[in-house]
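Structure at a glance
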Amino acid sequence: MSLRRLALLGTLLLVGCAGGAPPLDWQLEAHTALDAFAQHELEGRRRLAERDFERARSALARTGRADLLARAELTRCALRVASLEFGPCVGFEALREDAPAAERAYADFLAGRWGEVEPALLPAQYRAIVARGSAPAAALAGIADPRSRLIAAGVVLRVGRMSPGGIVLATETASAQGWRRPLLAWLGVQRARAQAAGDAVRVAQLRRRIDLILGVAAKPR
């Protein structure tokens, strides 16, 4: 399942009934709320994102289907991994027992437990990341969807296999989309590495870029 499928619950929510029947109210509500949630989360508008997520979760809960709720929880966790927030996926773990195998595999992928992942259960764009003998950071450029690419980049960093080029790719992916929250996170990674290398010029450059995003006014000369 791609992030797009997870974030919007894809055709499972929108196709509706066989024969082209219109989607049900809960499907429309969940789709709209999850779409808004993803955008607000990536823009760094956390209060709005949480409101949208709870609206989506409420709509899905009315079905009594653990698989749909599990996917929604994975959506939230995946987007946070894209912004380098590596806490446990508590909402999904509460539903793991009733979640399908593909969702459990995706959760393990996000957590960096690659030894527990059957690659065939992951979406195609992530299989090269976890393949034995692969160079995960190099495989990031082959992921076309920017959200999926950022999620994969977060996981690669989480497992300690990220290259400098991969960090730049993730940073510029977030920048190109105008996704403030992951952009600040990845710029922070670059800044920390520049500080560790003693590169004061690069640290200052990155600080200025971060200040632009945060809207910090430059000090008068």
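Preceding this section is the structure that the text describes.
The structure contained in this document is the topic of the report that follows. Bear in mind that the values here come from a model prediction, so they are computed numbers and not experimental data.

Definitions and limits used
- Residues numbered from 1 in each chain as written.
- Predicted model: local features only at pLDDT ≥ 70, side-chain atom pairs only at ≥ 80, totals over all residues.
- Heavy atoms only, no water.
- Axes fitted to C-alpha atoms, helices over the stretch in contact; angles between N-to-C directions.
- Helix = DSSP H or I, 4+ residues; strand = E, 2+ residues; numbered from the N terminus.
- Parallel < 35°, antiparallel > 145°, perpendicular 65-115°, else oblique.
- Left-handed = near helix turned anticlockwise from the far one by under 90°.
- Contact = heavy atoms within 4.5 Å.
- Nonpolar A, V, L, I, M, F, W, Y, C, P; charged D, E, K, R; others polar.
- Salt bridge = Lys/Arg side-chain N within 4 Å of Asp/Glu carboxyl O.
- Buried < 20%, exposed > 50% of the residue type's maximum accessible area, 1.4 Å probe, protein only.

**A closer look at the packing of helix α5 (residues 66-82) against helix α7 (residues 101-111)**
α7 packs onto α5 with a crossing angle of 20° between their chain directions and a minimal axis gap of 10 Å. Regarding the angle of α5 to α7, the classification is roughly parallel. As α5 runs across α7, the sense of the crossing is left-handed. On α7, the residues touching R71, L74, C77, A78 and V81 of α5 are E103, Y106, A107 and L110. Counted by class, the contact of α5 with α7 contains seven nonpolar, no polar and two charged residues.

**Comments concerning the pattern of salt bridges**
Considering all chains together, one arrives at 21 salt bridges under this definition. The shortest N-O distance in the salt bridge between E41 and R80 comes to 3.7 Å. Of this pair, E41 sits in helix α3 (residues 25-43) while R80 sits in helix α5; the two residues are 39 residues apart in sequence, bridging distant segments of the chain. The class for R80 is partly exposed, based on a relative accessible area of 22%. One salt bridge connects D108 with R113, and the closest N-O pair in it is separated by 2.7 Å. On the basis of relative accessibility, which here comes to 30%, the residue R113 falls in the partly exposed class. A single salt-bridge network, built from bridges that share partners, covers E41, R46, E50, R57, E73, R76, R80, E85 and R181.

Interpretation note: all reported values are geometric properties and have no functional meaning in isolation.
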